[in-house]
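If you want the building blocks of each chain, they are given just below.
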Amino acid sequence: MLIEKYELEVFTPPCDPGAERYAAKAHIETDISEVLPYLNATLRGAIYHPGANALTWKKGGRNIAFHSYEIATSNIEDREGAEKEIKGLIDLVNRTWERRAEIEPDTTTHQRPTPMAIYKLLPNTNCKQCGESTCYSFALKMAAAQRKITDCPLLTEQQYAEKLTELEKIVIEGPAIG
Ligand code: SF4
């Protein structure tokens, strides 16, 4: 197990005093830098910053940052939720570390595609089969790593094969862990 002990800190972000939302940090005793390329290879939409030994990731509406000795997350409803969220992230790091022999580490810094770049490669029918009211809404969520390519059923149609190939090149979709 990579992380065995950590200290939890829950606080209201200084830029938003009195806010109803919380941020949380896990202060870790062990250096987790070595797991970051494995997380980069497996977390959809993660951005690795090798120079800073950091990896940022959006999960739902939360901004998550992994650093050498710290894991931080934002936008949490309450203290109990913060504890649960941090525990989930610690488990994710430990699971990824245990599976590292099966994962090809990735040290590149992926650029997140813009919603417009994604939108141009969608079928643009606004058919709503994905549950979104428009293709652009879908593109916004895909850019935030909240939707996957496979959530648009039309992309499997032959007429959109070229768009699908291009989309697969720009959207980073590893196994959706977490
Ligand atoms: S299912 Fe695909 S084509 Fe239909 S609205 Fe959603 S993104 Fe657009």
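Residues numbered from 1 in each chain as written. Predicted model: local features only at pLDDT ≥ 70, side-chain atom pairs only at ≥ 80, totals over all residues. Heavy atoms only, no water.

Moving on, we get to the domain arrangement of the protein chain. In terms of domains, the protein chain is made up of domain 1 (6-102) and domain 2 (115-170). Summarising the inter-unit geometry, the C-alpha centres of domain 1 and domain 2 are found 28 Å apart. At the interface, 5 residues of domain 1 touch 5 residues of domain 2. For the pair domain 1 and domain 2, the summed buried surface comes to about 360 Å²; carbon and sulfur atoms form 51% of the total. At the junction of domain 1 with domain 2, the criterion picks out 0 salt bridges. On inspection of domain 1 and its partner domain 2, the count reaches 0 residue pairs in polar contact (both at pLDDT 80 or more). (Domains from an automatic or database assignment. Contact = heavy atoms within 4.5 Å. Buried area = accessible area lost by both parts, 1.4 Å probe. Salt bridge = Lys/Arg side-chain N within 4 Å of Asp/Glu carboxyl O. Polar contact = N/O pair within 3.5 Å; in protein donor to acceptor, adjacent residues only side chain to side chain.)

Another point: the site of the ligand. Pro123, Thr125, Asn126, Cys127, Lys128, Gln129, Cys130, Cys135, Phe138, Cys152, Pro153 and Leu154 make up every residue found near the ligand. Along the lines of polarity and charge, the residues of the shell around the ligand split into 8 nonpolar, 3 polar and 1 charged. (Near = heavy atom within 4 Å. Nonpolar A, V, L, I, M, F, W, Y, C, P; charged D, E, K, R; others polar.)

Structurally, Ile28 can be placed in strand β2 (residues 22-28). The class for Ile28 is buried, based on a relative accessible area of 6%. As a C-alpha pair, Ile28 and Leu43 span 15 residues in sequence and 21 Å in three-dimensional space. Not counting the four nearest positions on each side in its chain, Ile28 is found in contact with Ile3, Lys5, Tyr6, Tyr69, Glu70 and Ile71. (Helix = DSSP H or I, 4+ residues; strand = E, 2+ residues; numbered from the N terminus. Buried < 20%, exposed > 50% of the residue type's maximum accessible area, 1.4 Å probe, protein only.)

Our next topic: the confidence of the model for the protein chain. Across the protein chain, pLDDT averages 89, with 93% of residues at or above 70. Here residues 174-178 is a poorly scored stretch, pLDDT under 50, and it has 13 contacts once near neighbours within four places are set aside; other chains count. (pLDDT = per-residue confidence, 0-100.)

Bringing the nonpolar core into the picture now. Counting 28 residues, the largest nonpolar core has Leu39, Phe66 and Ile71 as its most contacted members. Listing elements by their share of this core, those giving two or more residues are β2, α1 (36-42), β4 (54-59), β5 (62-67), β6 (70-76) and α2 (79-98). Counting residues per element, this core draws most heavily on α2, which supplies 7 residues. In contact with Leu39, other than residues within four places in its own chain, are Leu55, Phe66, Leu92, Val93 and Thr96. (Core = buried A, V, L, I, M, F, W, Y, C linked by side-chain atoms within 4.5 Å.)

A complete count under the given rule lists 2 aromatic pairs for this structure. Both rings, one in Tyr119 and one in Tyr136, keep their centres 5.4 Å apart while their planes meet at 75°; by these two values the pair is edge-to-face. One end of the pair, Tyr119, is in helix α3 (residues 115-119); the other, Tyr136, is in helix α4 (residues 135-143), with 17 residues separating them in the sequence. In this structure Tyr136 comes out as partly exposed when scored by relative accessible area, which is 33%. (Phe/Tyr/Trp six-rings, centres within 6.5 Å; stacked < 30°, edge-to-face > 60°.)

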